[in-house]
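Residue-level structural notes
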Amino acid sequence: MAWERPPGRGCGALRRCLLGAALLLGLRLCAELRRAGPGFPARSAPSGPAWRPPGPHLPPAPGQPRGASRRQVTYVRSGRRAPPGGGGSGTPEPGCCAPRGRPRRKGPRWHIDLQPWAGSAQSLDEEAWRFLRYISTTQIACNHMNTDSLATDSSPTHKPWSVCLDDRFNLAHQVRNKQCRLYSLGLGSDDTHFEVSMANNGCEVHRFDPSVKSAHILESQHLWYHRLSIDWRDPHPAVAAQKPHSNTRKLGSILNEFGHHKIDILKADLESAEWKVLENLILEDVLEQIGQLIFEIHLHWPGFEVSGSDSSVVRFWYSLLKELEQKDFRLFHSYKDLSKPQLFLKKDIFNASSCYTLSWVNTRWK
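- Within an unreviewed UniProt entry, the label attached to the protein chain reads METTL24 isoform 1, and the organism entered is Pongo abelii.

1. Focus: the overall build of the protein chain
- Looking only at helices and strands, the protein chain has 8 helices and 10 strands in total.
- A burial count over the protein chain gives 37% of its 366 residues as buried.
- Considering only contacts in the protein chain between residues 6 or more positions apart, those separated by 24 or more positions represent 65%.
- Carbon and sulfur atoms provide 55% of the accessible area of the protein chain, an area that totals close to 23000 Å².

2. What to know about the nonpolar core
- Core analysis: the biggest nonpolar cluster contains 52 residues, and Phe131, Leu251, Trp275, Leu299, Trp317 and Phe344 have the highest contact counts within it.
- Ranked by residue count, the leading element in this core is helix H8 (residues 310-326), at 8 residues.
- Those residues within four positions of Phe131 in sequence are excluded, and the remaining contacts are Trp275, Ile297, Leu299, Val314, Trp317, Tyr318, Leu321 and Phe344.
- Counting residues in hydrophobic clusters, the runner-up holds 18 residues, among them Leu171, Ala199, Tyr225 and Ile294.

3. Structural notes on the side chain of Lys267
- Take Lys267: it is sitting in strand S7 (residues 263-268).
- For Lys267, a relative accessible area of 3% corresponds to the buried category.
- Discounting residues that sit within four places of it in the chain, Lys267 has contacts with Trp161, Leu182, Tyr183, Ser184, Leu185, Phe194, Glu195, Arg207 and Ile294.

4. Looking at the packing of helix H2 (residues 124-135) against H8
- H8 packs onto H2 with a crossing angle of 30° between their chain directions and a minimal axis gap of 9 Å. Classified by the angle between their axes, H2 and H8 sit roughly parallel to one another. For the crossing formed where H2 meets H8, the hand is left-handed. Across the interface between the two elements, Leu124, Glu127, Ala128, Arg130, Phe131, Tyr134 and Ile135 from H2 touch Asp310, Ser311, Val314, Arg315, Trp317, Tyr318, Leu321, Lys322 and Glu325 from H8.
- Residues of the contact of H2 with H8, tallied by class, amount to 9 nonpolar, 1 polar and 6 charged.

5. So, the packing of aromatic side chains
- Per the stated rule, a full pass over the model turns up 10 aromatic pairs.
- Here the aromatic rings of Phe208 and Phe258 are separated by 5.9 Å at their centres, their planes lie at 35°, and the arrangement is tilted. Placement of Phe208 in strand S2 (residues 204-208) and of Phe258 in helix H6 (residues 251-258) is noted, with a sequence separation of 50 residues between them.
- Of the residues examined, Phe208 reaches a relative accessible area of 1% and is grouped as buried.
- Residue class for Phe258 comes out partly exposed when judged on its relative accessible area of 23%.
- Taken together, the aromatic side chains of Phe131, Trp275, Trp317 and Phe344 make up a single cluster linked through ring pairs.

6. Some remarks on the confidence of the model for the protein chain
- Of all residues in the protein chain, 68% have pLDDT values of 70 or greater, and the mean over the chain is 78.
- Below a pLDDT of 50 lies the segment residues 39-105, which in the model reaches 24 contacts outside its immediate sequence neighbourhood of four places, other chains included.
- In the model, residues 151-157 has pLDDT below 50 throughout and makes 9 contacts with residues more than four positions away in sequence or in other chains.

7. Concerning the sheet that holds strand S4 (residues 223-226)
- Reading across from one edge, S3-S4-S2-S1-S7-S8-S10-S9 is the order of the 8 strands in this open sheet, with mixed pairing throughout. For this open sheet the edge positions go to strand S3 (216-218) and strand S9 (329-336), each flanked by a neighbour on one side alone. Direction aside, neighbouring strands of the sheet carry axes that sit 15° apart on average.
- When S9 meets strand S10 (residues 355-362), the two strands line up antiparallel, connected through 7 bridges. Residue Tyr335 lies in a different strand from S10, and its bridge partner there is Thr357.
- Here H8 sits on the sheet and contacts strand S8 (290-298), S9 and S10; the angle it forms with S9, its principal contact strand, is near 135°.

8. Notes on the side chain of Arg181
- Position of Arg181 relative to the elements: it lies in strand S1 (residues 181-185).
- A polar contact is formed between the side chain of Arg181 and the side chain of Glu204, at a distance of 3.4 Å.
- Within the local environment of Arg181, its side chain forms a polar contact with the backbone oxygen of Lys262, the two atoms lying 2.8 Å apart.
- Non-local contacts of Arg181, meaning those with residues more than four positions away in its chain, are made with Glu204, His206, His260, Lys262, Ile263, Asp264 and Ile265.

9. A few points about empty space enclosed by the protein
- Counting across every chain of the model gives 1 cavity of 30 Å³ or more.
- Counted as a void, the largest cavity has a volume near 40 Å³.
- What lines the largest cavity is simply Phe169, Asn170, Leu171, Gln174, Asp264, Gly291, Gln292, Val361, Asn362 and Trp365.
- Partitioning the lining of the largest cavity into residue classes produces 4 nonpolar, 5 polar and 1 charged.

10. Details of unusual backbone geometry
- Residues other than glycine seldom take positive phi values, yet Gln122 does so here, at roughly 55°.
- Structurally, Gln122 is set in the loop between helix H1 (9-36) and H2.
- Its identity is not glycine, yet Asp328 carries a phi of approximately 70°, on the positive side.
- By the element assignment, Asp328 lies in the loop between H8 and S9.
- Owing to a relative accessible area of 22%, Asp328 belongs among the partly exposed residues under this scheme.

Rules used in this analysis
Residues numbered from 1 in each chain as written. Predicted model: local features only at pLDDT ≥ 70, side-chain atom pairs only at ≥ 80, totals over all residues. Heavy atoms only, no water. Helix = DSSP H or I, 4+ residues; strand = E, 2+ residues; numbered from the N terminus. Buried < 20%, exposed > 50% of the residue type's maximum accessible area, 1.4 Å probe, protein only. Contact = heavy atoms within 4.5 Å. Areas by Shrake-Rupley, 256 points an atom, 1.4 Å probe, with all protein chains shown as cover. Core = buried A, V, L, I, M, F, W, Y, C linked by side-chain atoms within 4.5 Å. Axes fitted to C-alpha atoms, helices over the stretch in contact; angles between N-to-C directions. Parallel < 35°, antiparallel > 145°, perpendicular 65-115°, else oblique. Left-handed = near helix turned anticlockwise from the far one by under 90°. Nonpolar A, V, L, I, M, F, W, Y, C, P; charged D, E, K, R; others polar. Phe/Tyr/Trp six-rings, centres within 6.5 Å; stacked < 30°, edge-to-face > 60°. pLDDT = per-residue confidence, 0-100. Pairing = 2+ DSSP bridges. Polar contact = N/O pair within 3.5 Å; in protein donor to acceptor, adjacent residues only side chain to side chain. 1 Å grid on protein atoms, 1.4 Å probe; cavity = no way out; pocket = protein on both sides within 12 Å on 5 of 7 lines; lining within 4 Å. Points joined across faces, edges and corners; volume = space filled by probe spheres on them.

Printed below as a string of structure tokens:
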């Protein structure tokens, strides 16, 4: 007996298949539209994996909708620089390297590095013995000192303000070509023989002394007097606003105002302010602009704004001079002034004088 298909059953199955296919197609279309994200026009999905721009990618962050519009950035820690015009984001990673050929700019220093104590007892005797031995021992030989061979007058030098005229340090060449520059820092001293002698030899000499009567005086063709006092700090902005012509400046500020980038010789007789001024020159890297230093140091008391126990004061002095050595300055002359009281921090120890004149040369000076 032949089996007969019930009427209408095949058509119903066909309708169910078509509805199922339409539902699947709609679900896939909705999924593609959701993946495309807002703002993109609806379009048919291409076959194969979704297209992505070339280059590295990061996986989506947790909680971020897949396909959401965002900028993807990848940092690669490498010593190589991106080629000009492409590759990389164009902005160096913070804290990375300075451009090649230019040294990284040093940050500001707020204090000097103190040297270790001279001995375990941290006593004045230990510190004083180390300090006095250091300032009495020259570190480099200089065969031609002073300006005697170049001077045009025959009067003797009142004080041993010694400069090194060896050809290897270039100062003699600068003097003969009348291209040298001398800064002299003083406080009311009448002894200007050294400055006059250098000016007569063609050096451009600037003497800074707050006791002179006028702001700027051209004493001779090459000798200037300025009513300015070199300090280890500039005036407070409030004070400077009230006194725009204040006569106190840091040496670095003076160099900027005068437009001078180099000083061949810096001579200083600051009556116990030399320690703080020297500290400022070290901390602000002004030493790099100086060829030779001639400082008169005073040891009968700690000096302006230098405090602490006697042993810590001497340790501070010694650390300043060691900073000079680290900056490639070498002591080539030391003079002990026996005409001054023989006191060291108000004590009579080690037969020390209260005043020494020290001369250094910058061995890297060109």
